[in-house]
Each structure stands twice: as C-alpha cells, then as structure tokens.
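Fold and geometry: a report
The lines below spell out each chain.
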Amino acid sequence: NAGVTQTPKFQVLKTGQSMTLQCAQDMNHEYMSWYRQDPGMGLRLIHYSVGAGITDQGEVPNGYNVSRSTTEDFPLRLLSAAPSQTSVYFCASRRDSYNSPLHFGNGTRLTVT
Amino acid sequence: AQSVTQLDSQVPVFEEAPVELRCNYSSSVSVYLFWYVQYPNQGLQLLLKYLSGSTLVKGINGFEAEFNKSQTSFHLRKPSVHISDTAEYFCAVSGIQGAQKLVFGQGTRLTINP
C-alpha cells in the first residue's frame, strides 16, 4: 500500500539548473497538489490538479510548471532553479470530495546553491 | 480568500499535562477546518476535521478541537500528552466553495518534556 510516493528524497541543484520532482499515487485520487514548506511559513500551495489534463495555480506558482497526463502522476518542474526555491516540497492527493483528507508523500528536500 | 493564524510557534509542556494549540482563521464564506500533524522527517497526517454539525470534533490519538464561529477559532486540545505527541501541528482552512485550495497556518511545534 504505497500511497503517495515522491522522488528523489534529497536534491542539490546549482542556480539556473532545471529538474523535475516526481509524484505518484496509487489510490486513484482525482485531486493532486504540490506544497512547499519553509520555516515559519507553514505549507504554501504551488499548483494543483483536479484530474488528468486539468491544472491550476496556487499561492506561489512562479518558477514552477506542472502537467497531469495520467491520474497517477503529477510531476513538478523547476525551469531555472533559484536559491529562493530551496525548500521541502510535498505532494498530496485526495479523493474528489471536499471533505476527504489529503494524503501526503514524505517530501523532497531541495537545496539550490 | 481564507487565511489561518497559529498563535504560538512553539509550545513546551510536561508529559501528562494538558495542552491547547491555538488557531484563528479569516474567511468571508463558510469553511472547512482541519488539523494535521507532522512527525519528524515525514509528511503530514490528518488529526481531525470540522465540516458541519457538532462544534466539538474528536480525532485520533486523543485530540479534540472546538469550532467557534463567533471567535473564528478552531483550537486543538488534549487532556494529557505523551512523549510520542512531540511533533509539528498545522491548522488548515478551505472555503466550502473554493475547497480545492487548502490554506495552512504557520505550524506549532509541540515539545513534550519528561
């Protein structure tokens, strides 16, 4: 029972490099989202998706791209990494029902130097 | 839009003492409210949620929270804490009609001392 799986767990990038954070869920959840967690700021929503082919922006979308070609996968792309993107990134999913809880992955710790 | 304020960034308590973690929210529409817990090096897990009905909601691990609409608060309580409750706790809110966007508070780090 894998739930939400994020890879990699750790990543170090140089400024200007690009990379993709992977997120996969095996619960057939329609809704998926990406958050970043920074000290003293809680979790902030980057992008979310309510189903394959449908994505929308959250609070802090700048510098990030997403796509949703399948129900299972929701990758997050950093086009040109900046030190301000140093953070812990969490992917979360839930059933397409507003009162369903979010299921979180274990996070990806990203450092941009 | 909704916002959440957790009034304490850190709360130290002794084992077996009661604890209250405070959460206030702001919204112009009706809301759903949640408390999540994050243990070290893990993702978040749902503790409890308020959707409608009774204002006192019970969650896992002996936690409960009370929704107070007039004070726009959703404080989390436990009558007797254990070492294993050491974690970071997040309050979160979503508007009923905009429920795709769950907004989190800044978090409260609960430390239990023996």
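Residues numbered from 1 in each chain as written. Chains lettered and ligands numbered in written order. Predicted model: local features only at pLDDT ≥ 70, side-chain atom pairs only at ≥ 80, totals over all residues. Heavy atoms only, no water.

Counting its secondary structure elements, chain B contains zero helices and twelve strands. Shown N-terminal to C-terminal, the secondary structure of chain B runs as helices and strands in the order β-β-β-β-β-β-β-β-β-β-β-β. If you line up chain B on its principal axes, its C-alpha atoms span 45 × 30 × 20 Å. The buried share of chain B, taken over its 114 residues, is 46%. A fraction of 57% describes how many contacts in chain B between residues 6 or more apart in sequence connect residues 24 or more apart. A total of about 5,400 Å² of accessible surface is found on chain B, and carbon and sulfur atoms cover 49% of it. Here chain B carries 8 positive and 8 negative side-chain charges, and the mean point of each set is 11 Å from the other. (Helix = DSSP H or I, 4+ residues; strand = E, 2+ residues; numbered from the N terminus. Buried < 20%, exposed > 50% of the residue type's maximum accessible area, 1.4 Å probe, protein only. Contact = heavy atoms within 4.5 Å. Areas by Shrake-Rupley, 256 points an atom, 1.4 Å probe, with all protein chains shown as cover. Lys, Arg positive; Asp, Glu negative; His and termini not counted. Charge placed at Lys NZ, Arg CZ, Asp CG, Glu CD.)

So, about the layout of surface pockets. Volume-wise, the largest pocket comes out at about 650 Å³. If you go around the largest pocket, you meet 30 residues; those closest to its centre are A:Gln37, A:Val88, A:Arg109, B:Gln38 and B:Asn41. Sorting the residues of the lining of the largest pocket by element identifies β4 (31-38), β9 (87-94) and β11 (108-112) of chain A together with β10 (87-95) of chain B as the ones contributing at least two each. For the lining of the largest pocket, the class distribution of residues is nine nonpolar, 15 polar and six charged. (1 Å grid on protein atoms, 1.4 Å probe; cavity = no way out; pocket = protein on both sides within 12 Å on 5 of 7 lines; lining within 4 Å. Points joined across faces, edges and corners; volume = space filled by probe spheres on them. Nonpolar A, V, L, I, M, F, W, Y, C, P; charged D, E, K, R; others polar.)

Take the interface of chain B and chain A next. It is common to give the size of an interface as the accessible area that goes away when the parts come together. Facing the 21 residues of chain B at the interface are 21 residues of chain A. The junction of chain B with chain A conceals about 1,700 Å² of combined surface from both sides, 57% of it contributed by carbon and sulfur atoms. Listing elements by their share of the side of chain B that touches chain A, those giving two or more residues are β5 (31-38), β6 (44-50) and β10 of chain B. Among the elements that make up the side of chain B that touches chain A, the one with the highest residue count is β5(B) (four residues). (Buried area = accessible area lost by both parts, 1.4 Å probe.)

Looking now at the side chain of B:His75. Summarising the element assignment, B:His75 is placed in strand β9 (residues 73-78). Excluding anything up to four places from it in sequence, B:His75 contacts B:Glu20, B:Leu21, B:Arg22, B:Cys23, B:Asn24, B:Trp35, B:Glu64, B:Ala65 and B:Glu66.

Turning to the side chain of A:Gln85, a few remarks are in order. All names here are of chain A. Along the chain, the position of Gln85 falls in the loop between β8 (76-78) and β9. Residue classification places Gln85 among the buried residues on the basis of a relative accessible area of 5%. Residues within four places of Gln85 in sequence aside, it is in contact with Arg36, Asn62, Gly63, Tyr64, Leu78, Ser80, Leu110 and Val112.

Chain-level pLDDT for chain A is 94 on average; 98% of the residues reach the 70-or-more range. Per-element confidence in chain A ranges from a low mean pLDDT of 93 for strand β5 (residues 42-51) of chain A to a high of 98 for β8(A). (pLDDT = per-residue confidence, 0-100.)

This brings us to the environment of A:Arg109. Residues and elements named next belong to chain A. Positionally, Arg109 belongs in strand β11. For Arg109, a relative accessible area of 44% gives the class partly exposed. Sequence separation of Arg109 and Val12 is 97 residues, and the distance between their C-alpha atoms is 8.5 Å. Residues within four places of Arg109 in sequence aside, it is in contact with Lys9, Phe10, Gln11, Ser87 and Val88.

Another aspect to go through is the pairing of strand β3 (residues 19-25) of chain A. Put simply, side chains in a regular strand alternate between the two faces of the sheet. Residues and elements named next belong to chain A. Alternating positions in β3 separate cleanly, Met19, Leu21, Cys23 and Gln25 being buried on one face and Thr20, Gln22 and Ala24 remaining unburied on the opposite face. Here strand β1 (residues 4-7) pairs with β3 via four bridges, running antiparallel. Looking at β3, one finds that Gln6 is bridged to Cys23. Note: β3 against β8, three bridges, orientation antiparallel. If you follow Met19 over to β8, its bridge partner there is Leu78. (Pairing = 2+ DSSP bridges.)

Another point: unusual backbone geometry. With the exception of glycine, most residues fall at negative phi, and the peptide bonds are largely trans. Note that the residue after A:Thr7, namely A:Pro8, is joined by a cis bond; omega there is -10 degrees. Relative to the assigned elements, A:Pro8 resides in the loop between β1 and β2 (10-13). A positive phi angle, near 60 degrees, is found at B:Asn41, a position not held by glycine. Within the secondary structure, B:Asn41 sits in the loop between β5 and β6. Overall, the relative accessible area of 72% leaves B:Asn41 in the exposed class. With a phi angle near 45 degrees, B:Thr72 is a residue other than glycine that sits in the positive phi range. Following the sequence through the fold, B:Thr72 ends up in the loop between β8 (64-68) and β9. With a relative accessible area of 30%, B:Thr72 lands in the partly exposed category.

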